Structure formats: structure tokens, C-alpha cells
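Residues per chain are reported as follows:
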Amino acid sequence: MCSYIYGSNSTDAWQRRCPKCQDGRPGLDVPTERDGEDWTREEHMIAFHLYNKIEFGKIHIRNPDVIELAALLGRRVGAASRKLANFARLDPVLQARDIQGLPHGAKGEEEVWDEFRQRPELFVFESTLLLAERSGYKLEQVAEIKESDLPPPGLERQALVKLRVNQNFFRDRVLSAYEFRCCVTGLANRALLTASHIVAWAKDERNRLNPRNGLCLNPLHDRAFDRHLMWIDPDLKVRFSPELHQDKTAAPDALGWLLSFEGKQLLVPPHFRPDPELLSQHAKLAIETCKRFL
């Protein structure tokens, strides 16, 4: 999506795609036909989906994503912005950072958070599907899934799409939490950032979508971390396996750059820390893996 602001209403948003980059019809004023009405469960879910994709400090009426949400739901931009800010008062990640949203909110926000806690993967898939239906895009487009990477239609494809939807949601949560910056190198090019699970997806179902179980990394350090060739010590400093330090076969320039961050303090947003218990679990496995080189 580009940042060109265009109007729509909640029943024909699919016709109002950006006239600059999506061959859409010319824009209209952002509609407000549903403003003042109670928010439905579906609207809360769509808003919650967006809430997890943007940084807390960018929830305001000038944000193009907030304006688009208002257009999709037929509400004033201010109402959409307040709804997103209200989700923050219940966000455990922000609470861990001593950040609070608006002090009061609606019961629907609490119900959405409860649903997300109880069945996160099903909830994320349903909210993504609702967003796709409302915006007129295919589910794969909303979840940024390359259809060329998917098998033919069938049960295998359905299962893979659900998995990719949730993985994309996790990526958005982690990257926004780290303000779209690699926590080892400081790299801020979004195309070169990935959300790395601290404890693997397959090994900890409860923390699969927990952003405190994630690090924002560039692909090379992500690979080293995933293979337990890199870990984070209790002081949040980067450590590498002796296996890498003793490797005589790798290209010296590439390996030198990778290892140049040995002992470097992890770059994390103010007051935000990845879960220390999860980091400890990962570090323990990494140290066990490299003991033969010590």
C-alpha cells in the first residue's frame, strides 16, 4: 500500500483503491456513515489486527493506515485512532514497557484481547480473513503470502496459508515492537529485517505469537541465532559460538562482519526487553551445542 489517502465507504471500499498505484477510482472524502454506532465484534477484530501492525507512537489521525481503517469501517479518523489507542491499555507488551494507552475503553476491546489470549492463532486467522473481505483483497494479499510458493488448492494449501498468516502477524508485532530496526546491527531497511523466534515456533505453542519471544534481526544474524551459533547473554550482549570463531573455511570479510558484533549490547527500544526466561532457554541450548568447541 502507498501513502496516498483516498476515500471510500464501508460497503464499496474495494472500488476505491488507490488511483495512483492500484488503478482505483478517484478518491472521495473519508466517510462517517457508521460513526457514533456501537462497534461490532468484527470491527473490533479488524481494528485489533491493525493495532498489532503499527508502532504505539504512530497511532494518530495523520497515519495513512489509521485513515484507511476509518474508511473501511465508515467512521471518523479520530474514532478509529481512539479505538486503536484504547487497545493499548490492555496490551501486556506495553504494560511491560510502563506505557499506558487511554485510561477508559469499551467492553469490546476487553473481549477481543480475551479472545486473542485464549485462541491466538484462530483469532489472527479470522481477523485477517475479515480484513480481506472488507477491503476486497485476497487473504494471501493481506497476509503478504506469495501464491507462487503455495501448493495447489486443497487441505495442504489451507493449512500452509493459516500458518503463514500467523507467522506474518508475529513478524509485524515484533518488527513494530523494535521500531523496525535490527537489534544487533541497527539496520533499518524493512526489506532486510526478519522476526526471529527466541524459542522455536514448534517448541512453544503458548509463545508462538508473543512478541517478547521475538528478536528483530537481519537475515544473516537470524540464521546464526536460529542455528544456535549466536545467543544473547543475561546482560543482553551478543555472543557467538567458538565454531564460528574457529571456522577457517568461510570468507573472511563476511565472517568478520558477522562476528564484529561479539559482546555488543542488544539494541532494544526504551523500556522494552525480550523475555529473559526465553532468552535463557535459547542460550542454554546454544551453549550445550557448542561445548565441543570450548
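Note: the structure precedes this text.
A few points on the structure. Here the structure is a predicted model, which is why all the values come from computation and not from measurement.

1. Considerations on the overall build of the protein chain
When helices and strands are tallied, the protein chain shows twelve helices and four strands. Within the protein chain, residue pairs in contact and separated by at least 24 positions form 60% of the contacts whose partners lie at least 6 positions apart. For the protein chain, the accessible area works out to roughly 15200 Å², and carbon and sulfur atoms hold 51% of it.

2. Notes on the side chain of arginine 208
Tracing the chain through its elements places arginine 208 in the loop between β1 (194–197) and β2 (214–217). Once you skip the residues sitting within four places of it in the chain, arginine 208 turns out to touch Glu121, Phe170, His197, Trp201 and Ala202.

3. Some remarks on helix α8 (residues 155–177)
Compared with the 33 Å implied by 1.5 Å per residue over 23 residues, the 33 Å span of α8 between its first and last C-alpha is a close match. The positive-phi residue at the C-terminal boundary of α8 is glutamate 179, with phi of around 55°.

4. Some words on the nonpolar core
Within the largest apolar cluster, 77 residues are counted, with the highest numbers of intra-cluster contacts made by Leu84, Tyr178, Val184, Leu215 and Leu266. Looking at which element gives the most residues to this core, the answer is α8, with eight residues. The residues touching tyrosine 178, leaving out its near neighbours within four places in the chain, are Cys183, Gly214, Leu215, Cys216, Leu267, Val268, Pro269, Phe272 and Pro274.

5. Brief notes about the pattern of salt bridges
If you walk through the whole model with that rule in mind, you get 20 salt bridges. A salt bridge links glutamate 43 to arginine 34; its shortest N-O distance comes to 2.1 Å. For the pair shown, glutamate 43 and arginine 34 are each scored as buried. Glutamate 147 is paired through a salt bridge with lysine 138; the nearest N and O atoms lie 2.9 Å apart. Of the residues examined, glutamate 147 reaches a relative accessible area of 32% and is grouped as partly exposed. Overall, the relative accessible area of 41% leaves lysine 138 in the partly exposed class. Salt bridges linked by common partners bring Arg34, Glu37, Glu43 and Arg75 together as one network.

6. Considering the pairing of β2
Of the two faces of β2, both are covered, the one formed by Gly214 and Cys216 as well as the one formed by Leu215 and Leu217. Strand direction decides the pairing type here: β1 and β2, joined by four bridges, are antiparallel. Note that in β2 the partner of histidine 197 across the bridge is glycine 214.

7. Considering the environment of aspartate 65
On the secondary structure map, aspartate 65 appears in helix α2 (residues 64–73). Take aspartate 65: its relative accessible area is 35%, and that puts it in the partly exposed class. As for aspartate 65 and tyrosine 51, which are separated by 14 residues in sequence, their C-alpha atoms are 9.8 Å apart.

8. A look at the packing of helix α6 (residues 120–135) against α8
It is the contact of α6 with α8, at a shortest axis distance of 9 Å, that shows an interaxial angle of 95°. In terms of orientation, α6 lies roughly perpendicular with respect to α8. Contact with α6, carried on its side by Pro120, Glu121, Val124, Phe125 and Thr128, involves Val161, Lys162, Val165, Asn166 and Phe169 of α8 and no other residues of that element. When grouped by side-chain class, the residues that make up the contact of α6 with α8 number six nonpolar, two polar and two charged.

Procedures and definitions
- Residues numbered from 1 in each chain as written.
- Predicted model: local features only at pLDDT ≥ 70, side-chain atom pairs only at ≥ 80, totals over all residues.
- Heavy atoms only, no water.
- Helix = DSSP H or I, 4+ residues; strand = E, 2+ residues; numbered from the N terminus.
- Contact = heavy atoms within 4.5 Å.
- Areas by Shrake-Rupley, 256 points an atom, 1.4 Å probe, with all protein chains shown as cover.
- Expected span 1.5 Å × (residues − 1).
- Core = buried A, V, L, I, M, F, W, Y, C linked by side-chain atoms within 4.5 Å.
- Buried < 20%, exposed > 50% of the residue type's maximum accessible area, 1.4 Å probe, protein only.
- Salt bridge = Lys/Arg side-chain N within 4 Å of Asp/Glu carboxyl O.
- Pairing = 2+ DSSP bridges.
- Axes fitted to C-alpha atoms, helices over the stretch in contact; angles between N-to-C directions.
- Parallel < 35°, antiparallel > 145°, perpendicular 65-115°, else oblique.
- Nonpolar A, V, L, I, M, F, W, Y, C, P; charged D, E, K, R; others polar.

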